[in-house]
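Architecture at a glance
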Amino acid sequence: MIGVTENLKLVKDLLARAARDAGRDAAAVRLLAVSKRQPPERILEAAVAGQRDFGENVVQEALPKIERTAGNDLVWHFIGRLQRNKTRAVAERFDWVHSIDRLQVAERLSRQRPDDLAPLNVCLQVDLDDEPAKDGAAPVDVPGLARSVSELPRLRLRGLMCIPAVRDDFEAQRKPFRVLRELADFIRNEGIELDTLSMGMSGDYRAAVFEGATIVRIGTAIFGERTA
Ligand SMILES: *Cc1c(COP(=O)(O)O)cnc(C)c1O
């Protein structure tokens, strides 16, 4: 059994060091613990160690875990592909969605967000690798999508998210993150407020922090290998 508490501490130290090396404030980088395919016991262990933000990518898998860990003041982020028929559960149970890539899904989430909850925080997922089968909106479509999503009443547009192809080299890893940052700057210049860059995972978080990540999504480095 891998010690979640120890791993969490290590990951936080590494993130703080990356922020410092990048000349940034460590407090400006939020750690999202990706708990997909991990049992609720591990989530609770991380919660006891002070972790608040958790990410899941499959709705049916996430709902029982959200139930099981209720009462711990956790913040739930949906980071997976969102099917039309699953939007209601996400609108009702999650605090954030990082994977908006088309207006139709955003409109459904806005309609379905319960009135007694704060607006749902959302990020637009951008496909920076130009592979047709990948999730995410094409960069050229993102400013228009940002405009439309920012006008939906029950959503709060926070920023952009990406999952670049795996690269080993640090400079190569930085490139797509830089493109995402510049795209966010462009959208801001058009008068749309964005405060979030959701980018970086266990293998490339350092490059993401160097390019301005405000949320890094880390699974394996905290929880160990996922069960199938
Ligand atoms: C699984 C996943 C992560 C975390 O990946 P690790 O390599 O385990 O850190 C981050 N973001 C998304 C969208 C994921 O699906």
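Note that the coordinates shown come from a computational prediction; the quantities given were computed from them, not determined experimentally.

Per the secondary structure count, the chain includes nine helices and eight strands. Taking 17 Å as the expected radius of gyration for a compact globule of 228 residues, we find that the chain reaches 17 Å, a close match to that expectation. With the C-alpha coordinates of the chain rotated into their principal frame, the extents come out at 45 × 40 × 30 Å. Of all 228 residues assigned to the chain, the portion counted as buried reaches 50%.

So, on to the confidence of the model for the chain. Per-residue confidence for the chain gives a mean pLDDT of 96, with 98% of residues at or over 70. Per-element averaging of pLDDT across the chain places helix 9 (residues 220-223) at the bottom with 96 and strand 5 (residues 120-125) at the top with 99.

Moving on to the site of the ligand. What surrounds the ligand is the set Val 34, Lys 36, Ile 79, Ile 163, Met 201, Ser 202, Arg 217, Ile 218, Gly 219, Thr 220 and Arg 226. Lys 36 has a polar side-chain atom sitting 2.7 Å from an oxygen atom of the ligand. Considered on its own, the ligand offers 390 Å² of accessible surface; in the complex 90% of this is hidden by protein. Tallied by class, residues from the shell around the ligand come to five nonpolar, three polar and three charged.

What follows concerns helix 5 (residues 103-112). Listing the buried residues of helix 5 in full gives Val 105, Ala 106, Arg 108, Leu 109, Ser 110 and Gln 112. Next to the buried residues of helix 5 lie helix 4 (87-93), strand 4 (96-100), strand 5, helix 6 (142-150) and strand 6 (155-161).

Moving on, we come to the pairing of strand 4. Regular strands place their side chains on alternate faces of the sheet. Burial runs high along strand 4: five of the five residues are buried. As paired elements, strand 3 (residues 75-78) and strand 4 share two bridges and run parallel to each other. Pairing of His 77 across the sheet is with Trp 96, part of strand 4. In the classification by handedness, the crossover that spans strand 3, the intervening helix 4 and the parallel strand 4 is right-handed.

With 61 residues, the main nonpolar core has Val 97, Leu 109, Leu 124, Leu 160, Val 216 and Ile 222 as its most contacted residues. Ranked by the residues each element gives to this core, the list is headed by helix 1 (residues 4-21), at six residues. Beyond its immediate sequence surroundings of up to four residues, Val 216 is in contact with Leu 15, Val 29, Arg 30, Leu 31, Leu 32, Met 199, Gly 200, Tyr 205 and Val 209. The next biggest cluster of nonpolar side chains, apart from the first, holds seven residues, and it includes Val 34, Ile 79, Trp 96 and Cys 123.

Moving on, we get to the packing of helix 6 against helix 7 (residues 170-189). Interaxial distance between helix 6 and helix 7 falls to 10 Å at its minimum, and their mutual angle equals 50°. When the interaxial angle is binned, helix 6 and helix 7 end up oblique. With respect to the hand of their crossing, helix 6 and helix 7 are arranged in right-handed fashion. On helix 7, the residues that touch Val 142, Pro 143 and Ala 146 of helix 6 are Leu 183, Phe 186 and Ile 187. For the contact of helix 6 with helix 7, the class distribution of residues is six nonpolar, no polar and no charged.

Another point: helix 3 (residues 59-68). Those residues of helix 3 not exposed but buried are Val 59, Ala 62, Lys 65 and Ile 66. Each buried residue of helix 3 lies within a common arc of 130° when the element is viewed along its axis, so the set occupies one face. Check the buried side of helix 3 and you find it contacts helix 2 (40-48), strand 2 (53-56), strand 3 and helix 4.

This part takes up the side chain of Thr 196. Within the fold, Thr 196 resides in strand 7 (residues 196-198). When its relative accessible area of 4% is taken as the criterion, Thr 196 is described as buried. Within the local environment of Thr 196, its side chain forms a polar contact with the side chain of Asp 195, the two groups lying 2.7 Å apart. Contacts of Thr 196, omitting those with residues within four sequence positions, involve Trp 96, Cys 123, Arg 158, Gly 159, Leu 160, Thr 214 and Ile 215.

About the cut-offs
Residues numbered from 1 in each chain as written. Predicted model: local features only at pLDDT ≥ 70, side-chain atom pairs only at ≥ 80, totals over all residues. Heavy atoms only, no water. Helix = DSSP H or I, 4+ residues; strand = E, 2+ residues; numbered from the N terminus. Rg over C-alpha atoms; globule rule 2.2 N^0.38 Å. Buried < 20%, exposed > 50% of the residue type's maximum accessible area, 1.4 Å probe, protein only. pLDDT = per-residue confidence, 0-100. Near = heavy atom within 4 Å. Polar contact = N/O pair within 3.5 Å; in protein donor to acceptor, adjacent residues only side chain to side chain. Areas by Shrake-Rupley, 256 points an atom, 1.4 Å probe, with all protein chains shown as cover. Nonpolar A, V, L, I, M, F, W, Y, C, P; charged D, E, K, R; others polar. Contact = heavy atoms within 4.5 Å. Pairing = 2+ DSSP bridges. Right-handed = clockwise from strand over helix to strand, strands pointing away. Core = buried A, V, L, I, M, F, W, Y, C linked by side-chain atoms within 4.5 Å. Axes fitted to C-alpha atoms, helices over the stretch in contact; angles between N-to-C directions. Parallel < 35°, antiparallel > 145°, perpendicular 65-115°, else oblique. Left-handed = near helix turned anticlockwise from the far one by under 90°. Arc of directions from axis to C-beta.

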